[in-house]
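# Descriptive structure summary
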Amino acid sequence: MHGPGIRPQAALTWETVHVAASGRTVPARVLRPKGPHRGWLVWAHGGSWRSGSAGDWHEACADLALHASYCVVSVDYRLAPEHRHPAALEDVLAVVDWAQEQAERAGVAPVAVGGDSAGATIAACAAVVRRDRGLALSAQVLAYPPLDPSCRAPSYTRYVGNFPTPQGLAEAWREYRGGPDAGDPPGLPSTPLWVEDLSGLAPAILGVGVFDPVLDDVRHYAGRLRSAGNDLVYQEFASGLHGAFLQPPGRLTGRDDPSALRRWLGTSLRDRRPAEAAASPPGPAAGPGPEPKEKS
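Residues numbered from 1 in each chain as written. Predicted model: local features only at pLDDT ≥ 70, side-chain atom pairs only at ≥ 80, totals over all residues. Heavy atoms only, no water.

A separate point is unusual backbone geometry. Between Ala 80 and Pro 81 the backbone carries a cis peptide bond, its omega angle lying at 0°. Mapping Pro 81 onto the fold places it in the loop between strand 4 (71–75) and helix 2 (87–106). Here the amide bond leading from His 85 into Pro 86 is cis, since omega sits at 15°, within 30 degrees of zero. In this structure, Ser 22 takes a positive phi of about 45° despite not being glycine. Here Ser 22 falls in the exposed class, since its relative accessible area comes to 75%. Unlike most non-glycine residues, Ser 69 shows phi in positive territory, near 55°. Residue position: Ser 69 is located in the loop between helix 1 (58–68) and strand 4. (Helix = DSSP H or I, 4+ residues; strand = E, 2+ residues; numbered from the N terminus. Buried < 20%, exposed > 50% of the residue type's maximum accessible area, 1.4 Å probe, protein only.)

Turning our attention to the pattern of salt bridges. For the structure shown, the criterion picks out 13 salt bridges. As a salt-bridge pair, Arg 130 and Asp 97 come within 2.8 Å of each other at their nearest N and O atoms. Residue Arg 130 is located in helix 3 (residues 118–132), and its partner Asp 97 is located in helix 2; the two are separated by 33 residues in the primary sequence. One connected set of salt bridges, linked through shared partners, spans Arg 24, Arg 78, Glu 90 and Asp 91. (Salt bridge = Lys/Arg side-chain N within 4 Å of Asp/Glu carboxyl O.)

On to the environment of Leu 193. Counting through the fold element by element, Leu 193 comes out in the loop between helix 4 (166–177) and strand 7 (204–209). Sequence separation between Leu 193 and Ala 124 is 69 residues, and the spatial gap between their C-alpha atoms is 9.5 Å. With residues up to four places along the chain from it excluded, the contact list for Leu 193 reads Leu 147, Asp 148, His 220, Tyr 221 and Arg 224. (Contact = heavy atoms within 4.5 Å.)

Moving on to the nonpolar core. Nonpolar side chains in soluble globular proteins tend to end up buried together. With 93 residues, the main nonpolar core has Trp 43, Val 92, Phe 245 and Leu 265 as its most contacted residues. Look past the residues within four positions of Phe 245 in its chain and what remains in contact with it is Trp 43, Trp 57, Ala 60, Cys 61, Leu 64, Asp 116, Tyr 144, Leu 261, Arg 262 and Leu 265. (Core = buried A, V, L, I, M, F, W, Y, C linked by side-chain atoms within 4.5 Å.)

Averaged over every residue, the pLDDT of the protein chain is 88; the share at 70 or more is 86%. A low-confidence stretch, residues 1–6 (pLDDT under 50), is modelled with 13 contacts involving residues beyond four sequence positions or located in other chains. (pLDDT = per-residue confidence, 0-100.)

Turning our attention to the sheet that holds strand 7. Strands sit in the order 1-2-4-3-5-6-7-8 across an open sheet of 8 strands; the sheet is mixed. With partners counted over all chains shown, the strands left at the sheet margins are strand 1 (12–21) and strand 8 (232–237), one partner each. The mean angle between the axes of side-by-side strands here comes to 20°, regardless of whether they run parallel or antiparallel. Pairing of strand 6 (residues 140–143) with strand 7, which is carried by 4 bridges, proceeds in the parallel orientation. (Pairing = 2+ DSSP bridges. Axes fitted to C-alpha atoms, helices over the stretch in contact; angles between N-to-C directions.)

Quick look at the structure:
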């Protein structure tokens, strides 16, 4: 079944796979548009690193697959606090490796990685790890990733009561990473914000809403990506809130459509030229962050 407002999904099929990874298996849901598709996108769901599943994200990921004309692989990664960092990152990386094998067999471009909210943080870290290991990615597709465990940016308190609250998100970070003195294992960052060298990363598609508490951190990270010479497509949504990726289409259109961010992520990935997907070409330098823009 599909929820109210979500496009009927007769145009795709799906199956569950179990990816072998260092003595364990990682479940994932593969959503394939019928007919030719442009590539493979591994998706990490949101849920503050502590909740969520490929099943919960099925309809949104199916809609993303249809907008992008990509085969989307939604990962059931291990959740905190039972499994702290880097468990989720390692699971996503294992599925990216598996999807890359599928892409090579099909003769399509290198696999892309993406996610929403906490999953976008994991996906952005996966892009850093893949770069460090000399492994290709065609793109990183990121919806409003939380980036700073301290949650100190002004946007966290700009609109009182907006989800996530700084207190709630800081608690989620602690359960994901451990206590305040917890460090990251070598080569496996928990947030890309703490990575000193951001050059040479996969091209990024990065979206966030202007009412989202993580806005300032995302805007700052977008500026760092540009300054490091990465290819970046960045968009701020005038009516966007945290969690917009899961929203079904409403009666409104354009920038006021609650599903506009998901549609934009998919079409931005779909419309990339193959040459853009092969590498991360240098781009113009930027200041602390790009100016707000609206999508209509």
